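Fold and geometry: a report
Read off the chains here:
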Amino acid sequence: QHGLFAYSDLAWGSGCGDGLAGGGGGDGCAVPLSATVRTSAAIFNTGPAGTAVAAMVCATFTLTGPDGAAAATATAPTLSVGVGETATAHATLSLASPLLWSAPSPTLYTLTATVRQGACAEAAAAPTAAAIVVDEVSVTHGFRELRFDADAGLFINREHFKVRLTRALTLTPSLTPSPSPNP
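Residues numbered from 1 in each chain as written. Predicted model: local features only at pLDDT ≥ 70, side-chain atom pairs only at ≥ 80, totals over all residues. Heavy atoms only, no water.

What follows covers unusual backbone geometry. At S97, a position not held by glycine, the phi torsion is positive, near 45 degrees. Look at N157: it is not a glycine, yet its phi comes out positive at around 55 degrees. Following the sequence through the fold, N157 ends up in the loop between β10 (153-156) and β11 (159-161). (Helix = DSSP H or I, 4+ residues; strand = E, 2+ residues; numbered from the N terminus.)

With that settled, consider the sheet that holds strand β6 (residues 86-96). Here three strands make up an open sheet; going across it, the order is β1-β2-β6 and the pairing antiparallel. The open sheet has two edge strands with one neighbour each: β1 (4-11) and β6. Between one strand and the next, the sheet's axes are offset by a mean angle of 15 degrees, whatever the strand orientation. Relative to β6, strand β2 (residues 34-44) is paired through eleven bridges, and the arrangement is antiparallel. (Pairing = 2+ DSSP bridges. Axes fitted to C-alpha atoms, helices over the stretch in contact; angles between N-to-C directions.)

This brings us to the pairing of strand β3 (residues 55-64). The sheet contact formed by β3 and strand β5 (residues 79-81) spans three bridges and is antiparallel. Bridge pairing in β5 places V57 opposite L79. The sheet contact formed by β3 and strand β7 (residues 109-117) spans eight bridges and is antiparallel. Counterpart to C58 in the pairing with β7 is R116. Sheet topology places β3 next to strand β4 (residues 70-75); five bridges connect them, and they run antiparallel. By the bridge assignment for β4, F61 is matched with A74. In textbook terms, the turn of a hairpin is the stretch between consecutive antiparallel strands, and for β3 and β4 this stretch comprises five residues, one of which, G68, has a positive phi near 90 degrees.

Right, let's talk about the sheet that holds β10 for a bit. The three strands lie next to each other as β9-β10-β11, forming an open sheet whose pairing is antiparallel. Pairing within the sheet leaves two strands with one partner each, and these edge strands are β9 (146-149) and β11. Taken over all neighbouring pairs, the strand axes of this sheet differ in orientation by 35 degrees on average, direction set aside. With four bridges joining them, β9 and β10 adopt antiparallel strand pairing. Directly across from R147, in β10, lies its bridge partner F155.

Laid out in structure tokens, this is it:
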């Protein structure tokens, strides 16, 4: 998705077990305590050919909650990207009590990577003048835990999710023999 990637780990409270019995519903384990989001963005320098000077860029990652407010922000170290080259910015965001995605409540966050020209210290010191935004891309992200147990089935966010399977039959017209070429 446009070179912006994210994956998350949920931290559940102590005593929540491994979720084999479900883990939800009244035992204090239905909501994780926190989430860690590991992000990366591929940054490609499309500067003019023949330019020998690498661009200094700063990538900031912002996780926006369903309410539209910034829930977490992290800045990657300053990158030097040569013309025609790609560099990858990495950052880790932490979020307390994330709202979970589920089938009945598909809660989504938005992760935005903003790339600014210049070193990160310069961008922080003068966010309006010196830190020219050269690119920005966003993707949606849902927090959920999926687990399949061979005996108990599928669990989403430590709650059993009953899967109902159906068999799809495809009916095709019967094949009729072609007329013989020799009557």
